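Spelled out from the first residue to the last, the chains are:
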Amino acid sequence: MNDNKNNIFAKLQLPNGKSIKLPILEGTVGPQVIDISSLYKETGMFTYDPGFTSTGSCESKITYIDGEKGMLLHRGYEIEYLATNSSYLETAYLLLYGNLPDKQKKEDFINAITTHTMLNEQISNFYKGFRDNAHPMAILCGVVGAMSAFYHDSTNIENKEERRIASYRLIAKMPTIAAMAYKFSIGQPFVYPSNKLNYSENFLNMLFSVPAEEYQINRVFADALDKILILHADHEQNASTSTVRLAGSSGANPFACISAGIASLWGPSHGGANEAVIKMLNEIENVKNIKQYVEKAKDKNDPFRLMGFGHRVYKNYDPRAKVLQKIAENVLKEEHKLENKLFDLAKELENIALHDSYFVEKKLYPNIDFYSGIILKAMGFPISLFTVIFAVARTVGWISHWNEMIEDKTSKIGRPRQLYIGEKPR
Ligand code: ACO
């Protein structure tokens with residue numbers, strides 16, 4: 001707990017002549033924070049901050065973002081370092097436990113996750129209840145929430161060991177659930193997980209193999225997927241993570257909380273943007289149309305926005321988008337005519353927008369969603385699975401924050417207030 005060690009305060013002058021002192025807290029890095037938790041008790045007033053643009057909702061040791069510099073750290077490690085030097089499961093261990101694993105811990109963790117990938121067989125019955133044209137995100141919300149009804153032995157949130165098992169189950173089973181959603185939607189049989197394969201290879205195998213013939217895992221694709229998972233693993237108090245924390249703050253079980261996070265991620269302003277980028281690029285179609293779309297994005301009377309551009313926190317290039325651009329180059333070296341055309345279009349769009357005064361002044365840069373869809377598309381993922389991949393990757397971030405919140409003795413049920421503008425008593 002940060003206890004205002006330096007004894008510095010902000011003074012708030014109120015219209016009634018009264019003033020109060022509010023403690024200023026310091027994190028390890030990043031801006032100072034004014035602690036307003038005593039404000040209502042002392043003044044009878046609330047703060048007003050729609051969209052929480054100036055509000056810190058908790059203390060956290062997991063992830064740090066410097067939006068001005070375009071820097072993202074997990075437990076102190078730069079995202080570029082992790083994407084180059086670690087695997088998704090090593091990054092997952094880091095997020096969960098605070099340090100990268102040594103050789104033995106890594107082996108034990110990989111073994112534990114690998115041996116939790118199968119689902120209770122009865123869960124497969126859920127899929128038959130969905131329409132075959134259901135969006136896989138809809139299926140993911142439902143099936144992950146339904147896990148609460150199957151894994152009763154890991155829903156006691158007061159028990160650390162049960163929390164650990166629930167966390168491992170979620171990380172391990174999410175690719176299985178996601179792949180089954182895809183297989184159901186295309187009318188193919190479910191493919192069981194294989195313990196011979198690593199996390200990303202197993203995911204590809206469950207998605208794309210069929211019983212009738214042998215499936216060859218493409219090394220470049222498996223590595224690219226692993227890096228995509230690392231890049232999406234966590235991003236501090238974004239909308240879906242805050243949703244998981246808020247749901248969990250009431251004491252709800254982890255499967256229900258993660259299902260709430262998936263619902264929040266689905267929206268096009270958040271994880272749904274990768275899907276929206278491909279739709280936008282297809283609509284732009286040709287380099288010669290870019291200028292017209294950039295003008296549309298700048299027009300206040302037109303709801304169109306450049307998808308994959310802009311970010312609440314980054315006022316600089318999203319460091320994840322930089323890594324993704326390199327991955328895209330690797331994946332597209334193989335023959336992918338259609339996606340190469342989209343990639344060229346995206347690079348030109350980026351180039352034009354980054355030199356346009358509207359985007360420069362508003363500090364709008366490409367975000368993670370700008371290039372991820374192109375890579376996934378080239379690897380054979382249908383557009384409807386893009387946000388699902390994001391959800392699989394982000395599960396470890398959500399569950400790490402959920403665990404951190406439960407272990408934080410100062411955390412309370414989340415309960416924001418409002419500025420009431422409705423009818424007076426009548
Ligand atoms: N295209 C055109 N103009 C934009 C864009 C964009 N992509 N993004 C922001 N702006 C403009 C806004 O119109 C606004 O202009 P104004 O100040 O004149 O009113 C200004 O830039 C600030 O934008 P806000 O919407 O106020 O910023 P906010 O922080 O609330 O929104 C968001 C951030 C939702 C990401 C926004 O930039 C956006 O809609 N981007 C497109 C969708 C997208 O790519 N989402 C993925 C985000 S990353 C992620 O979740 C993984």
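Here is what the cut-offs are and how they apply
Residues numbered from 1 in each chain as written. Predicted model: local features only at pLDDT ≥ 70, side-chain atom pairs only at ≥ 80, totals over all residues. Heavy atoms only, no water. Near = heavy atom within 4 Å. Polar contact = N/O pair within 3.5 Å; in protein donor to acceptor, adjacent residues only side chain to side chain. Areas by Shrake-Rupley, 256 points an atom, 1.4 Å probe, with all protein chains shown as cover. Nonpolar A, V, L, I, M, F, W, Y, C, P; charged D, E, K, R; others polar. Phe/Tyr/Trp six-rings, centres within 6.5 Å; stacked < 30°, edge-to-face > 60°. Lys NZ or Arg CZ within 6 Å of the ring centre and 35° of its normal. Helix = DSSP H or I, 4+ residues; strand = E, 2+ residues; numbered from the N terminus. Buried < 20%, exposed > 50% of the residue type's maximum accessible area, 1.4 Å probe, protein only. Lys, Arg positive; Asp, Glu negative; His and termini not counted. Salt bridge = Lys/Arg side-chain N within 4 Å of Asp/Glu carboxyl O. Contact = heavy atoms within 4.5 Å. Disulfide = S-S within 2.5 Å. Core = buried A, V, L, I, M, F, W, Y, C linked by side-chain atoms within 4.5 Å. Pairing = 2+ DSSP bridges. Axes fitted to C-alpha atoms, helices over the stretch in contact; angles between N-to-C directions. Parallel < 35°, antiparallel > 145°, perpendicular 65-115°, else oblique. Left-handed = near helix turned anticlockwise from the far one by under 90°.

Caption draft 1: Highlighting the site of the ligand. In the neighbourhood of the ligand, 21 residues make up the surrounding shell, with R305, L306, G308, R312 and K362 lying closest. In this structure, S269 approaches the ligand through a main-chain N or O atom, which is 3.3 Å from a nitrogen atom. N367 places a polar side-chain atom, nitrogen or oxygen, 2.9 Å from an oxygen atom of the ligand. Within the complex, the protein chains bury 75% of what would otherwise be the 920 Å² of accessible surface of the ligand. A class-by-class count of the residues in the shell around the ligand yields ten nonpolar, six polar and five charged.

Caption draft 2: Molecular detail of the packing of aromatic side chains. Under the definition given, this model contains 18 aromatic pairs. Every member of this aromatic cluster is reached through a ring pair, and the members are F309, F343, Y358, F359, F370 and Y371. The side chain of K21 reaches across the aromatic face of F9, ending 4.6 Å from its centre. One residue, R164, lies across the ring of Y168, its end atom 4.8 Å from the ring centre.

Caption draft 3: Expanded view of the side chain of R394. Summarising the element assignment, R394 is placed in helix 18 (residues 386-407). Buried and without a salt bridge, R394 has D234 as its closest oppositely charged side chain, separated by 4.9 Å. Residues within four places of R394 in sequence aside, it is in contact with H232, A233, D234, H235, N238, S240, T241, H270 and R320.

Caption draft 4: Highlighting the state of the cysteines. One pass over the full model with this rule turns up zero disulfides. We note that C58 lacks a disulfide partner, and the nearest cysteine sulfur, in C257, lies 14 Å from it. By relative accessible area, C58 is classed as partly exposed at 32%. C141 takes part in no disulfide bond, and the closest cysteine sulfur to it belongs to C257, at a distance of 14 Å.

Caption draft 5: Region of interest: the pattern of salt bridges. Applying the stated criterion across every chain yields a total of 15 salt bridges. The shortest N-O distance in the salt bridge between R169 and D153 comes to 2.8 Å. On the criterion of sequence distance, the pair formed by R169 in helix 7 (residues 160-185) and D153 in the loop between helix 6 (136-146) and helix 7 is long-range, its members being 16 residues apart. Overall, the relative accessible area of 47% leaves D153 in the partly exposed class.

Caption draft 6: Spotlight on the nonpolar core. Counting residues in each nonpolar core, the largest one holds 120 residues, and the members touching the most others are L140 and F381. Among all residues touching F381, those that are not within four sequence positions of it are L204, L207, F208, L225, L376, F386 and I389.

Caption draft 7: Inspection of the sheet that holds strand 2 (residues 19-25) at higher detail. Across the sheet, three strands lie side by side as 1-2-3; this open sheet has antiparallel pairing. Each edge of the open sheet is held by one strand with a lone partner, namely strand 1 (9-13) and strand 3 (33-34). As defined by bridge partners, strand 2 adjoins strand 3 across two bridges and the pair is classed as antiparallel. Bridged to I24 within strand 3 is I34.

Caption draft 8: Structural view of the packing of helix 6 against helix 11 (residues 254-265). Put simply, helix 6 and helix 11 touch, their axes get as near as 8 Å, and they point 165° apart. In this view, helix 6 runs roughly antiparallel relative to helix 11, as classed from their interaxial angle. Judged by the sense of rotation from one axis to the other, the crossing of helix 6 with helix 11 is left-handed. Along its contact with helix 6, which presents M137, L140, C141, V144 and G145, the element helix 11 presents F255, I258, S259, I262, A263 and L265. For the contact of helix 6 with helix 11, the residue count by class is nine nonpolar, two polar and no charged.

Caption draft 9: Fine view of the sheet that holds strand 4 (residues 63-66). Overall, antiparallel pairing links the three strands, which are arranged 4-5-6 in an open sheet. Of all the strands in the sheet, just strand 4 and strand 6 (77-78) have a single pairing partner and so form its edges.

Caption draft 10: The arrangement of helix 3 (residues 88-97) in detail. Within helix 3, nine of the ten residues are buried, which leaves the element mostly enclosed by the surrounding structure. Those residues of helix 3 that sit buried are Y88, L89, E90, T91, A92, Y93, L94, L95 and L96.

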